[in-house]
Amino acid sequence: MTNSFLAEEIASQPDDWTAAADVARNFRDRLPADGEQVAVIGCGTSLFMARAFAALREFGGHGVTDAWSASEIRRSRDYDRYLVICRSGTTTEVVDAMRSLPAGVPRTVMCSSPGTPALELADPILIDQVDERSVVQTRFATTTLAILRWHLGEDLAPVIEQARAVLAEDDLEAVRAAEQISFVGMGLGAALAEEAALKLRESCQSWAESYPATEYRHGPISIAAPGRAVWSLGPLVPGFADDIAATGAHLEHRDIDPMAELVRVHGLCVLRSADLGLDPDHPRSLSRSVILDE
């Protein structure tokens, strides 16, 4: 990978996910308990991590879990706990949403930026050891998800080894020059497909889209063509490979955890930004936090 803060932060992820187990244990009382009805709130990448956690928690039978963008949280619903994800701790929509949450309901914020407003509005889980200098989020988001997965009782040791293997290889030529990439997945994979597409749009201005795998054939498959790629995170749905083969598009797929596969996408972001002469640490029109005028 080329020299950039983004590349350095991508490379630290396996160690960060290992350390996340201790964070999950130390803050178990601030994280959703089994059976609680939970709302998870975030914007951008943090929203996609919220959706990933919601899928895992619900499919695992741990309790009703809704993921909301901060500007669309339904305050009319009764929740037992609010969980907020916000790297910067200053995002206007997030801070406003936190200030308007019902009084008396436990709320926790996961953040990597000390001394920020969000940390004063909820029980904090400060993980400043994974804060980032690149505007493009990688390790904060995935480490937050790792903490939540450890909390759900998952053993991430195999996922961490998969990520280490990914970082040790260089096998992205089939997608490096693709004109267009559609990311697909189911459950956890669908949420991380959204994040994968966002990373490429942010870091190298690529034409990238994302869909649940079963929805891709309901229209978006029309995009697929020779010179383009479909990238599946997680298991392939039945018949999917044959359907993509018929379009002439390249199908990218590994039989590994979607979170480890996301690290492969991060690697592609670094390569493609270098190919295009772009600075992946400072994407066009983006800043670390969206702070709106009053």
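Look up a bit, the structure's there.
Remember, it's a predicted structure, so these values are computed and weren't measured experimentally.

K.L.:
Describe the pairing of strand β7 (residues 208–212), naming the residues involved and giving the relevant values.
P.N.:
Here five bridges tie strand β6 (residues 181–185) to β7, and the two strands are oriented parallel to one another. Following the sheet pairing, Gly185 is matched in β7 by Pro212.

K.L.:
I'd like a description of helix α3 (residues 45–59), backed by residues and values.
P.N.:
End to end, α3 covers 21 Å across 15 residues, agreeing with the expected 21 Å (1.5 Å per residue, within 8%). For α3, a buried count of 12 out of 15 residues is recorded, marking the element as mostly surrounded by other parts of the structure. Among the residues making up α3, those that are buried are Thr45, Ser46, Leu47, Phe48, Met49, Ala50, Ala52, Phe53, Ala54, Ala55, Leu56 and Arg57. Elements in contact with the buried residues of α3: β1 (38–42), β2 (65–69), β3 (81–85), α5 (139–151) and α8 (188–204).

K.L.:
Residue-level account of the sheet that holds strand β8 (residues 229–233), with values.
P.N.:
Strand order in this open sheet of four strands is β7-β6-β8-β9, and the pairing throughout is parallel. The two strands at the open ends of the sheet, each matched to only one other strand, are β7 and β9 (250–253). Within the sheet, the average angular offset between the axes of one strand and its neighbour, ignoring direction, is 20 degrees. Across the sheet, α8 is in contact with β6, β7 and β8; its angle to β6 comes to roughly 160 degrees. The sheet strands contacting helix α10 (residues 240–247) are β6, β8 and β9, and the helix crosses β9 at an angle near 145 degrees.

K.L.:
Account for the pairing of strand β4 (residues 107–111), with residues named and values stated.
P.N.:
When you tally the buried positions in β4, you get five out of five residues, the bulk of the element. Residues of β4 alternate between two faces, with Arg107, Val109 and Cys111 on one and Thr108 and Met110 on the opposite face, all of them buried. As paired elements, β3 and β4 share four bridges and run parallel to each other. If you follow Ile85 over to β4, its bridge partner there is Met110. In this view, the connection linking β3 to its parallel neighbour β4 by way of helix α4 (residues 92–99) has right-handed handedness. Relative to strand β5 (residues 123–126), β4 runs parallel, the two being bridged by four bridges. If you follow Met110 over to β5, its bridge partner there is Ile125.

K.L.:
Any chance you could break down the packing of aromatic side chains for me, citing the residues and the numbers?
P.N.:
Under the counting rule described, the total for this entry stands at four aromatic pairs. The interplanar angle of 55 degrees and the centroid separation of 5.9 Å between the aromatic rings of Tyr211 and Tyr216 together place this pair among those described as tilted. For Tyr211, a relative accessible area of 21% gives the class partly exposed. Note on Tyr216: relative accessible area 0%, which makes it buried. Seen from their ring centres, Tyr216 and Phe240 are 5.9 Å apart, and the 55 degrees between their planes marks the pair as tilted. Of this pair, Tyr216 sits in helix α9 (residues 213–216) while Phe240 sits in helix α10, and the two are 24 residues apart along the sequence. By the ring-pair criterion, three or more aromatic residues cluster together here, those being Tyr211, Tyr216 and Phe240.

Conventions we followed
Residues numbered from 1 in each chain as written. Predicted model: local features only at pLDDT ≥ 70, side-chain atom pairs only at ≥ 80, totals over all residues. Heavy atoms only, no water. Pairing = 2+ DSSP bridges. Helix = DSSP H or I, 4+ residues; strand = E, 2+ residues; numbered from the N terminus. Expected span 1.5 Å × (residues − 1). Buried < 20%, exposed > 50% of the residue type's maximum accessible area, 1.4 Å probe, protein only. Contact = heavy atoms within 4.5 Å. Axes fitted to C-alpha atoms, helices over the stretch in contact; angles between N-to-C directions. Right-handed = clockwise from strand over helix to strand, strands pointing away. Phe/Tyr/Trp six-rings, centres within 6.5 Å; stacked < 30°, edge-to-face > 60°.

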